[in-house]
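Coordinate inspection notes
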Amino acid sequence: MFPEFALDELEDKYANAIPQTSKPSLIEMLAEPSQDLKLAIIDLIHLQDESEAIINALPELIRLLADRDPAVVAQAAHKVYLLSKEDKCVATLASNPHLVGALVQATSVPNEDSMRDTAAALSHISNLADGRVHIFRSGGIAELVRMLRCPIDIVVHYAVTTLHNLLLYLESAKQDTIACGGLEALVPLLKARNPKLQALVADSIYFLLLDRPQCKMTFLSLQGPQLLVNILNSGTTYIKLIYAVVRCIRSISTCPQNKASLISMGALESLHRVLVIIPETRRKLAVLNSMRNLSDVATNLDTLTPLVIDLIVLVEESDDEEIVSCACGILSNLTCNNIRNKQAVCSNGGIPILTRALSRFAHIEDITEPALCTMRHCTARHSLAQQAQNDVRTSFAHPVILSLLATHRPPIVKAALGLVRNCALSHINLQSIISEQTSNGENVVTIAMDVLDRSGSILRQDFDALEDGVSLLEMVEGAVSALHQLAKEPAIARMVYNRPSLMNVLIELMSMEQISNNEDELMMREIMGLIYQLTKSPEGAKVVEMYGPTPHIVDALRSQHKSIAAYASIILRNMGVDKPIEYRRRMQTEIDTISGTPIHHHGGYSGEMGWMNDGLEPELFNELYNYPSLGDLKNDHIEGGHGQNSWFDTDL
């Protein structure tokens, strides 16, 4: 039925029989389907014939590949290589475990042609699932690792390609590669001049590093991080190479030692340079993830202003939730205790942009939490902090912050209360904050009181308690710090001291040794600050005294932290205002005896605005330094360079 058996002859005959015209006739168009069917059947017959011929020839090829004569092996390897290039033949080769095993053994024959052809054939065979399994089972990993050190470039390239295919599809190949020294053999190849080879090498390394801490340490000892950064700095535009390197950096950036090494080598700056040339969202996200992993140890860098600005733009312009989440996370880390980065955010419209992000992605905690943290960092302890606090108000963030607080999600509540505390340093902002109310009547004050009441009660039983991964100690700290500032409003102070459960929690927290004797003064200082605000009125002082805090306050006079001792002193005076003169004299004598001589140096002080902006009252400063007024000090507010006994709590 089909007399033609040679495809070439059929194609020639078909070409000669049909006149070449610019427009086929109707008869030719009708004949095309039947002719296509005829050609397909002839192809199938040829394929069957060739497959049978190859199968019949395989035993002889296997025998020749095992011959003792390198020249014979080279000839057999070349034939297998030629067959492996043909799509209709390679499947037959890959399905035969004996042939694959013979090829693997032949890779060690000391003949350049043989090495090249066997490596090439294995590379082609590894594109098929059967081929990969047979290469692995025949001990191919060890041979491939050995070939990685071959002086012949093409052999190395084929070996890397084959090994990459095995690592990509066979999980068990990874451990075998590590055991055979594959990581040590691959890392030097990152220096190759061929970008495509570098990309395959980097991707292979990634598979070996992923979730293997020991391999990450080995990689560090081989100077791997430096080689990755060198590639990023080389100016390459080969996206696959950049992406493979970024994936490696993302993997090792979870290792503290590698992370520190990368930061010292300028990896963040290098990643920033490649971020702007990667258009695809998925790959851009990989770069951002790597940067986020590294950014938490980059707080001391002062070279990241361009990155901060680009991240702000990314938050403003991107609609991708993951992109915005990563950008906000990096900003949160970079603005923690870094004045330059805080100022970069504030000077480039960062606060309004972050506020809009809170509104756009209000339901996504991975965005709202780091965005709130960034705003919290930027509203404290730098020369533009007051501007940032006002920007929060003028960008209408207060109702957004309240709505997020009302979710009662611990990570959100912790971040939002810190931001409330900072903004409430200004009277106009405080009034704006407390004027907001949810539909069910909640406001910032009631939420902060509820958090302190509930979390503080649990903390009294379990000092290390967590809720949704957030330390309840941090929740209590945030609530106390916010109420410390909010209670400057007399009506709010009354709400606090007229809630017995809350007062009991405060007094018990004050009495806990983990808080009162902690090297970190922040929690005790804020508790004392809140108690001070409550005792500023005669009524409040009486109510507070009823709960029996006096022994704990007297103990606080002996605190190693001068701010706590100063608060204790002024609280005791407030509580003794309506006492007889003799009582007040005895109290003053005790205060002077315990506290000693007032300090007249400026250790840890950053000037008038530094003191005020950190939430410490002017009268407390007077109490500590025994100055008649803050105006007597002429120091300007200069951030940084705080002494060892600095009173400035960290952004965290």
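Residues numbered from 1 in each chain as written. Predicted model: local features only at pLDDT ≥ 70, side-chain atom pairs only at ≥ 80, totals over all residues. Heavy atoms only, no water.

Going by an unreviewed UniProt entry, the protein carries the name Armadillo segment polarity protein and comes from Acrobeloides nanus.

Things to note about the overall build of the protein
Using the following cut-off: Each helix is a run of H or I in the DSSP string that is no shorter than four residues. Each strand is a run of E no shorter than two, and both are numbered from the N terminus. Throughout this description, buried means an accessible area under 20% of the type-specific maximum (1.4 Å probe, protein chains only), exposed means over 50%, and partly exposed covers the range between. For every accessible area listed, the method is Shrake-Rupley and the probe measures 1.4 Å; residues are considered covered only by the protein chains on display.
Within the protein one finds 39 helices and 2 strands. Split into buried and exposed, the 652 residues of the protein put 52% on the buried side. Put simply, the protein shows about 29,300 Å² of open surface, and 53% of that area lies on carbon and sulfur atoms.

Re helix 10 (residues 172-179)
Rules: The reported arc concerns the directions from the helix axis to the C-beta atoms and nothing else. A contact between two residues is defined here by any heavy atoms of the two lying within 4.5 Å.
Taken together, the buried positions of helix 10 are occupied by A173, K174, T177 and I178. Seen along its axis, helix 10 keeps its buried residues to an arc of 135°; they face one direction. Close packing links the buried residues of helix 10 with helix 7 (129-137), helix 8 (140-147), helix 9 (153-169), helix 11 (182-186), helix 12 (195-209) and helix 13 (213-221). Positive backbone phi, approximately 80°, marks G181, located one or two places after helix 10.

Let's talk about unusual backbone geometry
Of note in the backbone geometry, D211 takes a positive phi value of approximately 60° without being a glycine. Mapped onto the fold, D211 is located in the loop between helix 12 and helix 13. A residue is classified by how much of its surface remains accessible, and D211, at 68% relative accessible area, is exposed. Phi is positive for H408, close to 60°, though the residue is something other than glycine. Looking at the secondary structure, you find H408 in the loop between helix 25 (398-405) and helix 26 (410-423). In this structure H408 comes out as partly exposed when scored by relative accessible area, which is 36%.

A short note on the packing of aromatic side chains
To keep it simple, the criterion reads: Here the aromatic set is Phe, Tyr and Trp, taking the six-membered ring for Trp, and pairing holds for ring centres within 6.5 Å; pairs whose planes are under 30 degrees apart are stacked, those over 60 apart are edge-to-face, and all others are tilted. Counted as over-ring charges are cases with an Arg CZ or a Lys NZ within 6 Å of the ring centre that also lie within 35 degrees of the ring normal.
The full count for this structure, using the stated rule, is 2 aromatic pairs. The interplanar angle of 55° and the centroid separation of 5.8 Å between the aromatic rings of Y206 and F207 together place this pair among those described as tilted. Exposure remark for F207: the relative accessible area of 9% places this residue in the buried category. Judged by centre distance (6.1 Å) and plane angle (45°), the ring pair of Y532 and Y567 falls under tilted. Note that Y532 is positioned in helix 33 (residues 522-534) and Y567 in helix 36 (residues 562-575), a separation of 35 residues in sequence. Here Y532 matches Y567 in class, with each residue buried. Cation over ring: R132 sits above Y169, and NZ or CZ is 3.9 Å from the ring centre. Cation over ring: R283 sits above Y243, and NZ or CZ is 5.0 Å from the ring centre.

Some words on the nonpolar core
What counts, and what does not: Note on terminology: a nonpolar core comprises buried Ala, Val, Leu, Ile, Met, Phe, Trp, Tyr and Cys residues joined through side-chain atoms within 4.5 Å.
If you look at the biggest cluster of nonpolar residues, it comprises 199 residues, and the most contacted ones within it are I205, L452, L486 and M528. If we skip the residues at most four places from it in the chain, I205 touches L183, L186, V187, L190, F219 and C248.

So, the state of the cysteines
Going by this rule: Criterion for a disulfide: a pair of cysteine sulfur atoms within 2.5 Å.
Counted by the stated rule, this structure contains 0 disulfides. For C346, which is in no disulfide, the shortest distance to another cysteine sulfur is to C378 and amounts to 4.5 Å. By relative accessible area, which is 5% here, C346 ends up buried.

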